[in-house]
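# Analysis of the macromolecular model
One-letter residues, chain by chain:
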2 protein chains.
Amino acid sequence: MDLTEKTLESTVAYEGVIVTVQRDRAELPNGKTAVREVVRHPGGVAVLPLCSDGTVLLVRQYRYPFGEVLTEIPAGKLDKGEEPLHAAVRELREETGLTAGKLTSLGSVYASPGFCDEELHLYLAQDLHQGEAQPDEDEFLAPVRLPFQELAEQVLAGEVKDAKTVAAVLKAKLLLNW
Amino acid sequence: MDLTEKTLESTVAYEGVIVTVQRDRAELPNGKTAVREVVRHPGGVAVLPLCSDGTVLLVRQYRYPFGEVLTEIPAGKLDKGEEPLHAAVRELREETGLTAGKLTSLGSVYASPGFCDEELHLYLAQDLHQGEAQPDEDEFLAPVRLPFQELAEQVLAGEVKDAKTVAAVLKAKLLLNW
């Protein structure tokens, strides 16, 4: 069965700071039409900084949509036209002050493919050197250091909920066979 | 440091079929104000149906935001006021025709907490019985069956990109020690 849906009409319904919402009319595989709402997002990167002592440097950050402070790996949006690897180096330095001698791709994930085109490129950062963090003006981060195994346990227990952090930590755990 | 941001003003900027976009002015920890854009989403469930023969029943589905057919575990949005467990039973039945004798929570993940309040409740479904699938009118799904270990390998190799599928598969692999 061909599952493809064809765009018949596309309208920008909302143009925002981070996201744009597109409201399309699409032709479905059975020939009928339906509204398809798409949140357009620039995509981003997330970096798991694994230090030589077996700890991970995380950031705690107020996440406005949930009204909660979450524990996440350092991450950020791609600048326009920016390569994911470049963004990974940049965000890691800005948020934590770390530079990595070794960055390994952990693949990418689609955060919410039903309605949003955000792709998050995941990296494992090793061989780390500490410099000074330079967070964005409107970004308030509290660093927190956790042993990798404790972080993995928190992820498995459902205490760490951020999807990119869950994906990166569990991928690293299985790929490194830790 | 108190990382909390206070809402000063809230406006609905877009009201759509699935999402609503809210554009707020918030007071930051340093007393300055910033725009906070929030995509409101009803949240959803995703269910990993692990059959007694060690295979998983997945669905292939055209994901309009990416223009790609993705392989995902069965999933869907919460109906208004619906309990996640109820939605898990409903979506599993609708999308695959399966009913589960045993549903185990794998916790929940926040798909994209920087700008969206979507929470996805993950479940492992076992002791499965086959009935007839009843997908929504505008939903076109192709079922696909994969051995769990092959699915886990595809996730680790970055071939399966859907974040909820990545999270559920790797959590199940580590929690079941498979």
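Please read all numbers here as calculations on a predicted model, not as lab measurements. All chains use their own residue numbering, which begins from 1 and follows the written sequence. As a convention, the first chain written is A and the first ligand written is 1, with the rest following in written order. Only residues with pLDDT of 70 or above have their local features reported here, since the model is predicted, and side-chain atom pairs are shown and tallied only from 80 upward, although totals for entire chains, interfaces and linings are computed over all residues. As a rule here, side-chain values come from all non-hydrogen atoms in the structure, and water together with hydrogens is ignored.

## Quick notes on the sheet that holds strand β4 (residues 44-49) of chain B
Residues and elements named next belong to chain B. Strands qualify as paired when DSSP identifies two bridges or more between them. By definition, any uninterrupted DSSP run of H or I lasting at least four residues is a helix, any uninterrupted run of E lasting at least two residues is a strand, and each is numbered from the N terminus. Pairing is mixed across the open sheet formed by 4 strands, whose spatial order is β7-β4-β9-β8. Looking along the sheet, the strands with just one partner apiece sit at the ends: β7 (75-77) and β8 (98-110). For this sheet, the mean angle separating the axes of adjacent strands, direction not counted, is 20 degrees. Pairing geometry for β8 and strand β9 (residues 119-130), over 10 bridges, is antiparallel. Within the sheet, the bridge partner assigned to Ser105 lies in β9 and is Tyr123. In this description, a line fitted to the C-alpha atoms serves as the axis of each element, helices being fitted only across the stretch in contact, and the angle between N-to-C directions of two axes falls anywhere from 0 to 180 degrees.

## Examining the interface of chain B and chain A
Chain B puts 70 residues into the contact, and the matching count from chain A is 70 residues. As used here, buried area is the combined drop in accessible area, with a 1.4 Å probe, of two parts when they are placed together. Carbon and sulfur atoms make up 67% of the area that chain B and chain A hide from each other, which totals about 6,200 Å². Among the residues chain B hides against chain A, the three largest losses belong to Tyr64, Tyr110 and Phe140 of chain B. Together they make up 14% of the total. Any carboxyl oxygen of Asp or Glu within 4 Å of a side-chain nitrogen of Lys or Arg constitutes a salt bridge here. Counting the contacts that link chain B with chain A gives 2 salt bridges. The dominant element in the side of chain B that touches chain A, judged by the number of residues it contributes, is helix α3 (residues 163-175) of chain B, at 9 residues. Ten residue types, Ala, Val, Leu, Ile, Met, Phe, Trp, Tyr, Cys and Pro, are classed as nonpolar, four, Asp, Glu, Lys and Arg, as charged, and the remainder, Gly among them, as polar. When the residues that make up the side of chain B that touches chain A are grouped by side-chain class, the tally is 38 nonpolar, 10 polar and 22 charged. Here, residues are in contact when the closest pair of their heavy atoms is within 4.5 Å.

## Things to note about the packing of aromatic side chains
In summary, the pairing rule links any two rings of Phe, Tyr or Trp, Trp by its six-membered ring, whose centres are within 6.5 Å, and it sorts them by plane angle into stacked for under 30 degrees, edge-to-face for over 60 and tilted for everything else. For the coordinates displayed, the defined rule picks out 4 aromatic pairs over all chains. Consider the rings of Phe66 of chain A and Tyr110 of chain B, whose centres lie 3.7 Å apart with planes at 15 degrees: the pair is stacked. Of this pair, Phe66 of chain A sits in the loop between β5 (55-63) and β6 (68-72) while Tyr110 of chain B is found in strand β8, placing the two residues in two different chains. By relative accessible area, Phe66 of chain A is classed as buried at 17%. The cut-offs for exposure are 20% and 50% of the maximum accessible area for each residue type, with area from a 1.4 Å probe on protein chains only; residues under the lower value are buried, those over the upper are exposed, and the others partly exposed.

## Quick look at the state of the cysteines
Here, two cysteine sulfur atoms that lie within 2.5 Å of each other are counted as a disulfide. Under the definition given, this model contains 0 disulfides over all chains. Not part of a disulfide, Cys116 of chain A finds its nearest cysteine sulfur in Cys116 of chain B, a span of 7.1 Å. The class for Cys116 of chain A is buried, based on a relative accessible area of 1%.

## Details of the packing of helix α3 (residues 163-175) of chain A against α3 of chain B
Each packed pair of helices is defined by two parameters, the angle between the axes and the distance between the axes. Contact geometry of α3 of chain A with α3 of chain B gives a least axis separation of 9 Å together with a crossing angle of 45 degrees. The angle between the axes of α3 of chain A and α3 of chain B places the two elements in the oblique class. Crossing handedness for the pair α3 of chain A and α3 of chain B: left-handed. Residues Ala163, Val166, Ala167, Leu170, Lys171, Lys173 and Leu174 of chain A of α3 of chain A touch α3 of chain B, and the partners they reach there are Ala163, Val166, Ala167, Leu170, Lys171, Lys173 and Leu174 of chain B. Here is the rule for angles: anything less than 35 degrees is roughly parallel, anything more than 145 is roughly antiparallel, 65 through 115 is roughly perpendicular, and the remaining ranges are oblique. Handedness of a crossing follows from how the near helix is turned relative to the far one, being left-handed for an anticlockwise turn of less than a right angle and right-handed for a clockwise one.

## Section: the relation of the copies chain B and chain A
In the superposition of chain B on chain A (RMSD 0.0 Å, axial shift 0.0 Å), the rotation amounts to 180 degrees. Accordingly, the operation relating the two chain copies is best matched by a two-fold axis. When the interface residues of chain B are mapped onto chain A, 100% of them again lie at the interface, so the same face is used by both copies. The fit set for superposing copies consists of C-alpha atoms from residues with pLDDT of at least 70 in both; the fit itself is least squares.

## Considering the packing of helix α2 (residues 148-156) of chain B against α3 of chain B
Residue and element names in this part refer to chain B. Taken N-terminus to C-terminus, the directions of α2 and α3 make an angle of 125 degrees; their axes are 10 Å apart at the nearest point. Classified by the angle their axes make, α2 and α3 are oblique. Crossing of α2 over α3 shows left-handed handedness. Packed against α2, whose contacting residues are Phe148, Gln149, Leu151, Ala152, Val155 and Leu156, the element α3 presents Val166, Val169, Leu170, Ala172 and Lys173 at the interface.

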